[in-house]
Protein chains: 2
Amino acid sequence: MKTVLILGAGLSSNALINYFTEHAEEMNIHVRVGDISLETAQSKTKGSKNSSAFEFDVFNENQRLSEINAAGIVISMLPAAMHPLVARSCVDLKRNMVTASYISQEIKDMDEEARAKGVVIMNECGVDPGIDHMSAMQMIHRIQARGLKLLAFESSTGGLVAPGYENNPWKYKFTWNPRNVVLAGKDGARFMHNGKFKYIPYQKLFQRIETIKVPGLGEFEVYGNRDSLMYRETYGLRYLETMFRGTIRRPGFCEAWDTFVQLGATDDSYIMENTDEMTHREFINSFMAYRVDIPVEEKLALYLNIDRNSKMMERLRWLGIFEDTKIGITGLSPAKILQKILEEKWGLDPEDKDMILMQHQFDYQENGSRKKIYSTLSYIGSDRQNTAMAATVGLPVAITARLILEKKIKLTGVHLPILKEVYDPVLKELENYGIKFIEEEITMPMDTGSV
Amino acid sequence: MKTVLILGAGLSSNALINYFTEHAEEMNIHVRVGDISLETAQSKTKGSKNSSAFEFDVFNENQRLSEINAAGIVISMLPAAMHPLVARSCVDLKRNMVTASYISQEIKDMDEEARAKGVVIMNECGVDPGIDHMSAMQMIHRIQARGLKLLAFESSTGGLVAPGYENNPWKYKFTWNPRNVVLAGKDGARFMHNGKFKYIPYQKLFQRIETIKVPGLGEFEVYGNRDSLMYRETYGLRYLETMFRGTIRRPGFCEAWDTFVQLGATDDSYIMENTDEMTHREFINSFMAYRVDIPVEEKLALYLNIDRNSKMMERLRWLGIFEDTKIGITGLSPAKILQKILEEKWGLDPEDKDMILMQHQFDYQENGSRKKIYSTLSYIGSDRQNTAMAATVGLPVAITARLILEKKIKLTGVHLPILKEVYDPVLKELENYGIKFIEEEITMPMDTGSV
């Protein structure tokens, strides 16, 4: 009987742990779940047969080495910064490892040694990054196998509240780590459009938005997601002239969010003064010039050129940013204060469901015409515990880990899930869970651009 | 005969080295000037009597310790990051030290040890920081000594091209480190206005400008200079309700500079693609959306809402940013490319002179009325070698060092020049060099704000 060692039992581990406890007998495995909080680990294994929960401290070297040594495969769902430590031990002890996080340079540097030792460290196996890579590479390889030339690749993903539950003026709620949402976009975006390199700084990111249409769900906004250029290398598409990755929000979100960007309210680099006594209204006012002859609302409208009767102003007002509510905590950065204000409004209600939405667009040339394939995934969560986010992050990690454990994936070294032997079986099994892309193809005149 | 050890012989050391070589006989000192380039050091001592030049590598521990050990006083004009290393050796070897740079936490932490060993490490003795502290504290202490309450303190400094030489549409040239000019303002500004804390992020800094009037020189623009709040502590003015420090530019500069901020052209956090083949025009275009139906100039005007026939557009055009000139160097960040473009236009001509301009405003209450003292320094350099910047940085450093060497300043520990025993004699001697503030006082109605 082999042990599947799962390190980290946070919200994103739910579907992952369930997958293994449900398949434990059939797979003849023991599921061992470690978390810094024993209680959290126990609440996830729920005492199911063939499982055990334990308190795990990644910095306890003895514990880390003995747990990894006893494992058939290691899955790290710990904070991303801790992965290199786990990977180091996995390589040393010749154990295979899977994570859902972006690969780091430290882990990249273990490639040669991992190969030499016959170990695989498989990164970016969640949803974004993860399912995005797998589904994109499957289609790209399919187009290339037909001998056709790819002209453009654009891919966007969003973690959103599900249709029917988007019942606030922002049509947005926190379905994932609120801090990451507040800090999103800080590095701006870099991409390629019709052979031209394009760079958008943070202060313009939420103004330079694109619109996508999703069958059955309507229109959405997309803003650029960090460095799309490096994926030309990763995907083997150096020749590609249009390459763009984005983040999906519902219409109106980006324009209103840009208010906080322009004010400086998403800054996390310094601590504000007297934040315990500061009110929401004073917080917003502190980013604008001293002036006592007009109310803060009017000052904001003048400062950022907002129509006072617009939906955008309604969105801002609804968040309570003009209210005299005290923040009540000392030593916070602007970003932390904004997060606190947002958490009071953007929390999920007990009945709320979330949605993962992903849309790829592949343009290619065939018989003198330009064709475009839309490949769209929408997946709705079951409830607040069993979210779409947890399922789409956890299931591909679980399936990849199982395929490695059962030696159906035989790679060695440090990898992303961009090879056919990984993405084909993972995407196939994901379909059993309703995680499935719908494809649509259109033909365009040859001189039409995109994005 | 004591040795004055000067480490670093760059542009800013000229006036400093001249001061000591000119006073060497009278002071009975030997002036020892070390630089990473022996040639640079030699060109500054010019073989004058009582001086020697040598090649100095701060990371050569033997050399560092033996030179410092042989010195009567140590002046570090090295890059700021190297000061802690020099300070560490000075404390270990019980040698006094003076620098013109902002104090670092590492040096602050040496305070107790320096006191115990009877050593003084005097920081921020240049112009800004330096003369600004000295002149402000002198006036603040004078107002406080009269038993009057300070209501507001605002202070602005600029390194500019002198009147008569501001012969380009920007009325600006590089009179100091171009890289620092390109990156200026990145941390935004924090200050206090009428009891309210105010925060301006980088993306609004060059839009939120103030105007000051300088007698005989006309109007100037001021943008916020980093964290003014911490000086309430440093200056012993926690009660103060208005505290602002700014940077001075000529009218129109900030609005036009903001173009580069908004585009993202001052970003230094990533390397652009293919910068060797890129032209100035392509550089600017890369920050805007793909669009081929209008020229780049028009795209920029639309993107940032610039009037195409404005002076601002003339300023941008004059810089050559729309030209097809190749950048010709690989691996540059946007900020480095912008710096290269600017250096071609903003370099000083052989006959150009620079100017240091500093203006303090002190508001205080007396007999029921609000009074305001304007205290203004304008100082024009002699030529491209003997600049106002070098004089106003080097002379206060030299005078402070001399006062310490001659035991007229007897402080121990880590200090800024904010104590009477430092600023009084330094400011007095600076007047001999024409570095002198002119004061003007006005009376205002009590309810008038400022900034």
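These numbers come from a predicted model, not from an experiment.

Novice: Teacher, can you tell me more about the nonpolar core here?
Specialist: Note that soluble globular proteins tend to have their nonpolar side chains buried in a common cluster. By size, the foremost hydrophobic cluster in this structure holds 129 residues, and its most contacted members are A:W170, A:W257, A:F260, A:F283, B:F20 and B:Y235. In terms of residue count, the dominant contributor to this core is helix 16 (residues 388-405) of chain B (12 residues). A:W170 has contacts with A:F253, A:A256, A:W257, A:F260, A:R315, A:L316, A:W318, A:L319 and A:W346, leaving out every residue within four places of it along the chain. Ranked by size, the runner-up nonpolar core spans 89 residues in total, among them A:I29, A:Y379, A:L416 and A:V426.

Novice: Which parts of the structure should I look at to understand the layout of surface pockets?
Specialist: Any space left empty among the atoms is revealed by the rolling of a water-sized probe across them. All names here are of chain B. If you add up the space inside the second largest pocket, you get close to 1400 Å³. Lining the second largest pocket are 42 residues; nearest its centre among them are Y102, D128, W176, N180 and R226. Breaking the lining of the second largest pocket down by element, the ones donating at least two residues are strand 7 (149-161), helix 8 (178-183), strand 11 (218-224), strand 13 (242-249) and helix 16. Within the lining of the second largest pocket, the residues separate by chemical class into 19 nonpolar, 17 polar and six charged. For the lining of the second largest pocket, the domains that each give at least three residues are domain 1 (2-123) and domain 2 (131-256 + 349-386 + 434-444).

Novice: What is the right way to look at the interface of chain A and chain B in this model?
Specialist: Many structure descriptions define interface size as the accessible area lost when the parts assemble. Counting from both sides, the interface comprises 31 residues of chain A and, opposite them, 31 residues of chain B. When chain A packs against chain B, the two sides together hide about 2900 Å² of surface, and 53% of this comes from carbon and sulfur. Sorting the residues of chain A by area buried against chain B places A:Y199, A:E273 and A:Y290 first, and these three jointly supply 25% of that buried surface. Taken together, the links from chain A to chain B amount to zero salt bridges. Our enumeration of links across chain A and chain B arrives at 14 residue pairs in polar contact (both at pLDDT 80 or more). At the level of elements, strand 8 (189-193), strand 9 (196-200), helix 10 (202-205), helix 12 (253-263) and helix 14 (296-304) of chain A are the ones that each hand at least two residues to the side of chain A that touches chain B. Per-element accounting of the side of chain A that touches chain B gives the leading share, four residues, to strand 9 of chain A. Residues of the side of chain A that touches chain B, tallied by class, amount to 15 nonpolar, eight polar and eight charged.

Novice: So what exactly am I meant to see when it comes to the pairing of strand 13 of chain B here?
Specialist: Two faces, one strand: in a regular strand the side chains alternate between the faces of the sheet. Residue and element names in this part refer to chain B. Within strand 13, eight of the eight residues are buried, leaving the element largely enclosed by the surrounding structure. The side-chain alternation of strand 13 yields two buried faces, one formed by T242, F244, G246 and I248 and the other by M243, R245, T247 and R249. Where strand 7 and strand 13 come together, six bridges link them in parallel fashion. From the neighbouring strand, E154 faces strand 13, where its bridge partner is F244. Both strand 11 and strand 13 contribute to a ladder of four bridges, which runs antiparallel.

Novice: What is the right way to look at the sheet that holds strand 3 (residues 51-55) of chain A in this model?
Specialist: The strands that make up a sheet pair up through hydrogen bonds in the backbone, lying either parallel or antiparallel. Residue and element names in this part refer to chain A. Strand order in the open sheet formed by seven strands is 3-2-1-4-5-6-16, with parallel pairing between adjacent strands. In the strand order of this sheet, the two ends are held by strand 3 and strand 16 (413-415), each with one partner. Each neighbouring strand pair of the sheet contributes to a mean axis angle of 15 degrees, computed without reference to strand direction. Here four bridges tie strand 1 (residues 2-7) to strand 4 (residues 73-76), and the two strands are oriented parallel to one another. Looking at strand 4, one finds that I6 is bridged to I75. Its contacts with the sheet place helix 4 (residues 61-69) against strand 1, strand 2 (29-35), strand 3 and strand 4, and it is angled at close to 165 degrees to strand 3.

Parameters and conventions
Residue positions are given per chain, counted from 1 along the sequence in the order it is written. As they are written, the chains are lettered A onward and the ligands numbered 1 onward, keeping that order. At least 70 in pLDDT is required for a residue's local features to be given in this predicted model, at least 80 for side-chain atom pairs to be given and counted, and no such filter applies to totals for whole chains, interfaces and linings, which use all residues. The basis for every side-chain value is the complete set of heavy atoms in the structure, and neither hydrogens nor water enter the calculation. In these notes, a set of buried Ala, Val, Leu, Ile, Met, Phe, Trp, Tyr and Cys residues joined through side-chain atoms within 4.5 Å is what counts as a nonpolar core. Note on classification: 1.4 Å probe, protein chains only; a residue is buried when its accessible area is under 20% of the maximum for its type, exposed when over 50%, partly exposed between these limits. Elements are defined by DSSP. Helices are runs of H or I of four residues or more, strands are runs of E of two residues or more, and each kind is numbered from the N terminus. Here, two residues are considered to be in contact whenever any of their heavy atoms come within 4.5 Å of each other. Only protein atoms enter the 1 Å grid, on which a cavity is a set of points fitting a 1.4 Å probe that cannot get out and a pocket is an open set with protein on both sides within 12 Å along at least 5 of 7 lines, lining residues being those with an atom within 4 Å of a point. Grid points are joined across faces, edges and corners, and a volume is the space filled by probe spheres set on the points. Polar here means any residue outside two lists: the nonpolar Ala, Val, Leu, Ile, Met, Phe, Trp, Tyr, Cys and Pro, and the charged Asp, Glu, Lys and Arg; Gly therefore counts as polar. Note that the domain bounds were set by an automatic or database domain assignment. By convention, the term buried area covers the 1.4 Å-probe accessible surface removed from two parts as they join, with the contributions of both added. We count a salt bridge whenever a side-chain nitrogen from Lys or Arg sits within 4 Å of a carboxyl oxygen from Asp or Glu. Polar contacts, as counted here, are pairs of nitrogen or oxygen atoms within 3.5 Å of one another; within protein the pair requires one atom able to donate a hydrogen and one able to accept it, and residues that are adjacent in sequence qualify only if both atoms are side-chain atoms. At least two bridges found by DSSP between two strands is the condition for calling them paired. Fitting a line to C-alpha atoms yields each axis, with helices limited to the stretch in contact; the angle taken between N-to-C directions then spans 0 to 180 degrees.

Purely spatial values, then, with no claim about function.
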